Each structure stands twice: as C-alpha cells, then as structure tokens.
Amino acid sequence: MRACSRSLLIALVSSGMLLLQVQPSLQAAPVPNDQTNAAPFAVIVLATSAHVGKANAASGTTVYPGDTLDTEPGGQLRLTVAGGQIYLLSDTAANIMRSGSTLQAALVRGTIGFSSLNDQQFQIVTPEGIVEAADGLPAYGQVTAVAHNDIVIS
C-alpha cells in the first residue's frame, strides 16, 4: 500500500510539473532592419515609474534605436543625448529610431520634450508631422499629443 501511494504521488507530481507554464524570458521589441546592431544613443539619468521595452528603467541604462520608452501615470524619464536632453512626462510613450544620423522619437501618447538639440540631432515624429529645431540651431521645447491627430507644441 505504501509503495502504491508513493508511486501515485510521484506520478501526480511529475504530471503536475509538465502542466506548469514556464514564464517566457524578457525579449526586446522587434527592431527594424536598419536599426539592428546600432550604437547606443542615450543614457537614462532619471527614471520614475518608467520602462525601456518591458523592463523597468533605471539611471545609467543605455537606450538604443529600436527601443520603446514609456512612463506610467505620475512617472517621468530623462535621458542625455548628444549634449542635450530628452524627457518623457507622465503617461507618455515613444518609439526610438534613427533616420540617417538623426535620432527620432515617434510620439505615441503623452508629452515628450527636448533641450539643447538641433534638427540634425533629434526629431519628434507625430501624426501631424515632424517637430524639430529650426535652421540647425539648438532649441528646447515639448510636444504633447492631445487627441488622435492633435498636438500642442510649446
């Protein structure tokens, strides 16, 4: 009886282990072909309730073209890039990419800002068009997506 109970217990544990679902490992977001093997372009200097892809963002994290950035409500994310800064305010999402030598952030929702960057360094892509500094001069500003095809530039 004891051996039978033991065999039954082993069989139940073995079959239970087969039914366990293994958590898939964290994978990077798909990257367009021209973004693969790209050099890093930014470093996070401040992160509160923010993410790079599906991972929590932290100070010192390197950001690459192809990464997605987002902040939760109340969160913020600040990066240094090319001698300037990019920041995402609360409840913001952007996809980071490179177009030639220019870095771009495609604004999905919320508010993204920049400072001390020129049009050869950084552009914000929106449904309404591309927002960049004028005439190659360093500039600062922010873009807010307020509706599906409405933005506010300040």
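Residues numbered from 1 in each chain as written. Predicted model: local features only at pLDDT ≥ 70, side-chain atom pairs only at ≥ 80, totals over all residues. Heavy atoms only, no water.

Points about the nonpolar core
Counting 25 residues, the largest nonpolar core has L79, I86, I112 and F122 as its most contacted members. Those elements giving two or more residues to this core turn out to be β1 (42-52), β4 (68-81), β5 (84-88), β6 (93-99), β7 (102-117) and β8 (122-126). It is β7 that contributes the most residues to this core, 6 residues altogether. With residues up to four places along the chain from it excluded, the contact list for L79 reads A42, V43, I44, V45, V63, L69, G84, Q85, I86 and L88. (Core = buried A, V, L, I, M, F, W, Y, C linked by side-chain atoms within 4.5 Å. Buried < 20%, exposed > 50% of the residue type's maximum accessible area, 1.4 Å probe, protein only. Helix = DSSP H or I, 4+ residues; strand = E, 2+ residues; numbered from the N terminus. Contact = heavy atoms within 4.5 Å.)

Description of the packing of aromatic side chains
Enumeration according to the criterion identifies 1 aromatic pair in this entry. On the numbers, 5.9 Å between centres and 55° between planes, the contact of F114 with F122 is tilted. The pair formed by F114 and F122 is uniform in burial state, with each residue classed as buried. (Phe/Tyr/Trp six-rings, centres within 6.5 Å; stacked < 30°, edge-to-face > 60°.)

Describing the confidence of the model for the protein chain
Per-residue pLDDT for the protein chain averages 78, and the proportion of residues at 70 or more is 75%. Low confidence marks residues 4-36, where pLDDT is under 50. Its contacts with residues over four positions away, or in another chain, come to 12 contacts. (pLDDT = per-residue confidence, 0-100.)

Details of the pairing of strand β11 (residues 150-153)
The pairing of strand β10 (residues 139-147) with β11 spans 4 bridges and is classified as antiparallel. Residue pairing across strands places V143 opposite I153, the latter belonging to β11. In this structure, the hairpin formed by β10 and β11 is closed by a connection of 2 residues. (Pairing = 2+ DSSP bridges.)

Looking at the side chain of D70
Mapping D70 onto the fold places it in strand β4. R109 is the oppositely charged side chain nearest to the buried, salt-bridge-free D70, at an N-O distance of 4.4 Å. With residues up to four places along the chain from it excluded, the contact list for D70 reads S49, A50, H51, G53, L88, T92, A93 and R109. (Lys, Arg positive; Asp, Glu negative; His and termini not counted. Salt bridge = Lys/Arg side-chain N within 4 Å of Asp/Glu carboxyl O.)

Some remarks on the pairing of β5
Where burial is concerned, most of β5 is hidden: 4 out of the 5 residues are buried. Relative to β5, β4 is paired through 5 bridges, and the arrangement is antiparallel. Residue R78 lies in a different strand from β5, and its bridge partner there is Y87. Joining the antiparallel neighbours β4 and β5 is a turn of 2 residues, in which A82 adopts a positive phi near 50°. Inspection of the sheet shows β5 paired to β7 by 4 bridges, in the antiparallel sense. Across the sheet, L88 pairs through a bridge with I112, a residue of β7.

Looking at unusual backbone geometry
Positioned with a positive phi, D91 is a non-glycine residue whose angle comes to about 55°. Note that D91 resides in the loop between β5 and β6. Residue class for D91 comes out partly exposed when judged on its relative accessible area of 35%. The backbone of S116 shows a phi angle near 60°, a positive value even though the residue is not glycine. Within the element layout of this structure, S116 appears in strand β7.

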